[in-house]
Number of protein chains: 2
Amino acid sequence: MTFRRKSRKVRVGSIYIGGDAPITVQTMPTSKTTNIKETVDIIKRCEEAGVDIVRLGMPDIESARAIKEIKRHVNVPIVADIHFDYKIALEAIKSGADKIRLNPGNIKEKWKVEEVVRACKDNGIPIRIGVNAGSIDRSKYPSPTPETLVDSAFGHVKILEDLGFFDIVISVKHNDVITMIEAYRMIAKMCDYPLHLGVTEAGTEFKSTIKSAIGIGTLLAEGIGDTIRVSLTGDSVKEVEIGIAILQQFGYKPTYVDIVSCPMCARADVNIIELTNKFEQLTKNMKKKVKVAIMGCVVNGPGESMDADIGVSCGKSGSVVYKGGKLYKRINNDEIIDTLIEELEKV
Amino acid sequence: MTFRRKSRKVRVGSIYIGGDAPITVQTMPTSKTTNIKETVDIIKRCEEAGVDIVRLGMPDIESARAIKEIKRHVNVPIVADIHFDYKIALEAIKSGADKIRLNPGNIKEKWKVEEVVRACKDNGIPIRIGVNAGSIDRSKYPSPTPETLVDSAFGHVKILEDLGFFDIVISVKHNDVITMIEAYRMIAKMCDYPLHLGVTEAGTEFKSTIKSAIGIGTLLAEGIGDTIRVSLTGDSVKEVEIGIAILQQFGYKPTYVDIVSCPMCARADVNIIELTNKFEQLTKNMKKKVKVAIMGCVVNGPGESMDADIGVSCGKSGSVVYKGGKLYKRINNDEIIDTLIEELEKV
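What comes next is a walk through the structure. These figures come from a predicted structure and were not determined experimentally.

### Brief notes about the overall build of chain A
Within chain A, the regular secondary structure consists of 11 helices and 15 strands. Taken along the three principal axes of its C-alpha coordinates, chain A extends 80 × 40 × 30 Å. Taken over 347 residues, chain A has a buried fraction of 62%. A fraction of 64% describes how many contacts in chain A between residues 6 or more apart in sequence connect residues 24 or more apart.

This is the structure we're talking about:
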């Protein structure tokens, strides 16, 4: 599980994607890029949530120009997302974009692609080829299967490689989790470019959380993936929080106050749901790498509590606190939260 | 991906686990089992959400007796969760439990295990051996690794096999997703008993959704798993909803109104977030197997809309509706929801 697919390393502003670089979390603001105030506000909230890279939609040349001003107010590298117009790409690069997302096959004239590639080379910025079920060339590929997604991606890659450009990141997204997993598995074997993972058009928060966790998680469990983006129809900050939580499960992002808590069943004599929610609320901004167990009975309680840094196993007539794997003290059930917080503060 | 590990089939009341049986979703009420009214209420809400099997905690003999009355009011098979006392197991079987969860190694005297096994045989009910990081025998296994979880499970299995009992389901749960995945991968190769998947003590809803989707999803993507339980510190219905949503991604549960919606970015001229949430709310109880795309721009909009049964690709001056893969009509942006609902009703 510690195995990670070997990929080429590319630089994106102050950070790297691929190779031995930490796996990064990306998002994309829901605002118009030209609405600089709103865009900066969203990026700042995402920075606070821990985002590593932010991508901005570039529907027009004004959006490309806005990058310059936006970059003055934020710290994360900025990716310009371009679709059809090479001039917007050139303008975005001039404005300081740290990476561009562009499928060169969408630009018909070769000299235009050459100009963009030259500008990328001159500025040392990479290009992500982002193939998406919704935007593959339907005249060539009637339906988006793993094979056609991968074939389409390599078509774009070839254009860049023929121009001597190799600072490439690839994504092959689909709204169907299984198709997405298969497409990435396939492309992972066929090249050493870093891969940007994501389930596209994944719907609203509930469904996207599940689709993204399965799709991105299954691939990470196989060592595939260098940067990730959770897509959801909702707040960009949620995308970041979910992305980080996915990476945490693999140890790719640190987990602070990590709560192990039981689902509460007939065996519990204490309201574990209330207790855990309250404790989670109180500690959610605490930046301490501590594992805390909150358990409702003697079946799994002592074991989980001993495996945690601090644990409490609740019973009818009182609770038992464990610390560092050892029985620490017995307390009343109305002292549980205070005791846990007190112990956390000592850490 | 359509490959599924071959497992033995066991019967649980009116349904089956393993073999070619559909993968089932389980949950466990948060109530005291002896609080029959509350327990029945929770089970009924879970049945409405689509649960297949419900497990009840059995901390005492009264809980075992309560099964009889509870079963009068609900339709799903009931599993009795027993830990140390063979008498509770016998009483639960007498009360009509459709399956018991019991680790025979926890019962010291052999004759007591024999009695329970005889009662299971006589009543044709299976036993789940549920090994849990928190409850493995610490005198034998100092820490819960994939190896010790699996070894512990086989210790219990051996006791049953020696008594000629093979109607076994196994789980090897851990709160760490990676350890859990490894443990199930290991045990999947070593036997043909059906596997009950779950990440244990997974915390509150947000984290449990991610942990369960990754853990259970990664294994399902490898063909491993016959029944699943999402554990979360919160409402049992949520466990069912998440479990079903995980299975839907693999086609193991039907997906009704399946919404493919973009995350909305600078390219969108219509508020896709508002639109999608409203549409999702209006259609959440509709039992029609339809894929609907709600997309914010011309980059991915037409492609996704054509791949859906009904799709809308929104633009600044109006939107384009697609039906069955073909352009259907152009509408104003204030007609989007009404048009989609109207088309859905025709299906």
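Picking up after the structure, the text goes on.
### Quick notes on helix α6 (residues 177–190) of chain B
Between its first and last C-alpha atoms α6(B) spans 20 Å; for 14 residues at 1.5 Å apiece the expected length is 20 Å, and the two agree. Taken across its 14 residues, α6(B) has 10 buried, putting it largely inside the fold. Restricting attention to buried positions, one finds in α6(B) the residues B:V177, B:I178, B:T179, B:M180, B:I181, B:A183, B:Y184, B:R185, B:I187 and B:A188. In the core, the buried residues of α6(B) are packed alongside α7 (205–221) of chain A together with α5 (146–162), β8 (168–173), β9 (196–197) and α7 (205–221) of chain B.

### Points about helix α3 (residues 86–94) of chain A
All names here are of chain A. Every buried residue of α3 is listed here: Y86, I88, A89, E91, A92 and I93. Tucked into the core, α3 has its buried residues touching α2 (61–73), β5 (78–81), β6 (99–101) and α4 (110–123). For α3, the N-terminal capping position is held by D85, with its side-chain oxygen 2.9 Å away from the main-chain nitrogen of K87. Positioned one or two residues after α3, G96 has a phi angle of 105 degrees, which is positive.

### Structural notes on the side chain of B:S212
Following the sequence through the fold, B:S212 ends up in helix α7. In this structure, B:S212 is in contact with B:V199, B:G217, B:V230, B:S231 and B:I246, ignoring residues within four places of it in sequence.

### Focus on the sheet that holds strand β5 (residues 78–81) of chain B
Residues and elements named next belong to chain B. Read across the open sheet, the 8 strands follow the order β8-β7-β6-β5-β4-β3-β10-β9; overall the sheet is parallel. Edge positions in the sheet fall to β8 and β9, since each has one partner strand and no second. Relative to strand β4 (residues 53–57), strand β3 (residues 24–27) is paired through 2 bridges, and the arrangement is parallel. Across the sheet, Q26 pairs through a bridge with I53, a residue of β4.

### Some remarks on the interface of chain B and chain A
Residue-level contacts link 77 residues of chain B with 77 residues of chain A. Both sides together, the interface formed by chain B and chain A hides about 6,300 Å², and carbon and sulfur atoms give 58% of it. Where chain B packs against chain A, one counts 8 salt bridges. In this structure, A:D81 engages B:R267 in a salt bridge whose closest nitrogen and oxygen atoms are separated by 2.8 Å.

### Things to note about the packing of helix α5 (residues 146–162) of chain A against helix α6 (residues 177–190) of chain A
Residues and elements named next belong to chain A. Closest axis-to-axis distance for the α5/α6 pair is 8 Å, and the angle between their directions is 45 degrees. As judged from the angle between their axes, α5 and α6 are oblique. As α5 packs across α6, the resulting crossing turns out to be right-handed. Of the residues in α6, those touching α5 at P146, E147, L149, V150, A153 and F154 are T179, E182, A183, M186, I187 and M190. Looking at the contact of α5 with α6 residue by residue, the classes come out as 9 nonpolar, 1 polar and 2 charged.

### Observations concerning the pattern of salt bridges
Tallied over the full model, the rule gives 54 salt bridges over all chains. Among the salt bridges present, the one from A:D307 reaches B:R138, with a minimum N-O distance of 2.9 Å. With A:D307 in helix α10 (residues 301–307) and B:R138 in the loop between β7 (127–132) and α5, this pair bridges two chains. For B:R138, a relative accessible area of 24% gives the class partly exposed. Taking the shortest distance from any N to any O, the salt bridge between B:E91 and B:K94 comes out at 3.9 Å. You can see B:E91 and its partner B:K94 sitting in helix α3 (residues 86–94), 3 residues apart, about one turn around the helix. One network of salt bridges, with partners in common, ties together A:R55, A:D81, A:R101 and B:R267.

Thresholds applied
- Residues numbered from 1 in each chain as written.
- Chains lettered and ligands numbered in written order.
- Predicted model: local features only at pLDDT ≥ 70, side-chain atom pairs only at ≥ 80, totals over all residues.
- Heavy atoms only, no water.
- Helix = DSSP H or I, 4+ residues; strand = E, 2+ residues; numbered from the N terminus.
- Buried < 20%, exposed > 50% of the residue type's maximum accessible area, 1.4 Å probe, protein only.
- Contact = heavy atoms within 4.5 Å.
- Expected span 1.5 Å × (residues − 1).
- Polar contact = N/O pair within 3.5 Å; in protein donor to acceptor, adjacent residues only side chain to side chain.
- Pairing = 2+ DSSP bridges.
- Buried area = accessible area lost by both parts, 1.4 Å probe.
- Salt bridge = Lys/Arg side-chain N within 4 Å of Asp/Glu carboxyl O.
- Axes fitted to C-alpha atoms, helices over the stretch in contact; angles between N-to-C directions.
- Parallel < 35°, antiparallel > 145°, perpendicular 65-115°, else oblique.
- Left-handed = near helix turned anticlockwise from the far one by under 90°.
- Nonpolar A, V, L, I, M, F, W, Y, C, P; charged D, E, K, R; others polar.

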